[in-house]
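Each chain is listed here by its residues.
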Amino acid sequence: MIDKNSPVPIYHQLEEQIKSQIENGSLEADELIPSEREYAERYQISRMTVRHAINNLVKDGFLHRQKGKGTYVSKQKVEQKLQGLTSFTEDMLERGMTPSSRLLSFEIIPASQPIAHRLGLKENTPVYEIRRIRLADHVPMAVETTYLPANLIKGLTEDIINQSLYKYIEEKLTLNISEASQEIEATSAKDHEVKHLQIEKGSPVLLILRTSYLEDGTPFELVRSAYRADRYKFVHTMKR
Ligand code: 16G
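Calculation rules
Residues numbered from 1 in each chain as written. Predicted model: local features only at pLDDT ≥ 70, side-chain atom pairs only at ≥ 80, totals over all residues. Heavy atoms only, no water. Near = heavy atom within 4 Å. Polar contact = N/O pair within 3.5 Å; in protein donor to acceptor, adjacent residues only side chain to side chain. Areas by Shrake-Rupley, 256 points an atom, 1.4 Å probe, with all protein chains shown as cover. Helix = DSSP H or I, 4+ residues; strand = E, 2+ residues; numbered from the N terminus. Phe/Tyr/Trp six-rings, centres within 6.5 Å; stacked < 30°, edge-to-face > 60°. Pairing = 2+ DSSP bridges. Axes fitted to C-alpha atoms, helices over the stretch in contact; angles between N-to-C directions. Contact = heavy atoms within 4.5 Å. UniProt positions renumbered as here; feature names shortened; annotations may be inferred.

Caption draft 1: Geometry of the site of the ligand. Among the 17 residues in the neighbourhood of the ligand, the closest are listed as Thr89, Glu144, Ser164, Leu165 and Glu221. A distance of 2.9 Å is found between an oxygen atom of the ligand and a backbone nitrogen or oxygen belonging to Phe88. Between the ligand and the protein, one listed contact pairs an oxygen atom with a backbone N or O atom of Leu165 at 2.8 Å. A total of 460 Å² of accessible area belongs to the ligand in isolation, and the protein chains cover 99% of it. When residues of the shell around the ligand are traced back to their parent elements, those giving at least two are helix H4 (88–94), strand S5 (126–136), helix H7 (165–172), strand S8 (204–214) and strand S9 (219–228).

Caption draft 2: Representation of the packing of aromatic side chains in the model. Scanning the model with the defined rule gives six aromatic pairs in all. Aromatic pair Tyr227 and Tyr232: ring centres 4.3 Å apart, planes at 40°, arrangement tilted. Measuring from centroid to centroid gives 5.9 Å for Tyr227 and Phe234, while their planes differ by 85°, and the two rings are edge-to-face.

Caption draft 3: Looking closely at the sheet that holds strand S4 (residues 99–110). Taken in spatial order, the six strands line up as S4-S5-S6-S9-S8-S7 in an open sheet, and their pairing is antiparallel. The open sheet has two free edges, formed respectively by S4 and strand S7 (177–188), since each of these has just one partner strand. Each neighbouring strand pair of the sheet contributes to a mean axis angle of 15°, computed without reference to strand direction. Summarising the sheet, S5 and strand S6 (residues 139–149) pair through ten bridges and their orientation is antiparallel. From the neighbouring strand, Arg132 faces S6, where its bridge partner is Glu144. Taken strand by strand, H7 contacts S5, S6, S7, S8 and S9, and its axis lies near 160° from that of S9.

Caption draft 4: How the structure looks around the UniProt feature "domain: HTH gntR-type" (unreviewed entry) in the protein chain. The positions that UniProt labels "domain: HTH gntR-type" (unreviewed entry) are, in the present scheme, residues 8–76. Taken end to end, residues 8–76 has its terminal C-alpha atoms 26 Å apart, with 51% of it in helix and 12% in strand.

So, in structure tokens, the structure goes:
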């Protein structure tokens, strides 16, 4: 409840209260929250204070406004742990979500200099270029472009790519995926990402560039993924 004698500002107390209602499920995703007037009456506080709290929750992505309708609870972000090298399919299954892909293009191309360099290949060596939208419970989460040396990751088909690339590499090709190095950068979505991720122009995306290696140290993939920043966050634990 709200404690008017507390040194904690009232707007902040209300913010925390709404946040815990979202966390414990008493306010669900896509639910319309009470109006400013209702909150003001319920807690005997000013509408300005309510607005302050709600504005902050909108800014932090817990709530969103719909013109002429009201303020709704946003879908909470998918948390992706940065420990462990996992595939998109594994990540989503672990969360109880259904992974799927929409293939945008799939071809073999000669590797450009920067791609060849990162994959430890000679320029123009044939590589698969795979562009797919990755979805969780049918909601687009990321646009991913993957480059794989064609004479190492053999026999790829659309069917395989529509399921799990890592599963194919490990189970069918019996290659041991070992480690990856990754860069994460914040940018605003490019036009094609806006379209494929169904987000608004200028929305933030998390850009990930990953090079992954087999057990013997051979680089086997170079991936550029653009994740929706409104639905995804990366978490990791640090030991000292
Ligand atoms: C993830 C990986 C990507 C990998 C893919 C395989 C990141 C940033 N990227 O999306 O490197 O190729 O999983 O997924 O996590 P799949 O086995 O489901 O095809």
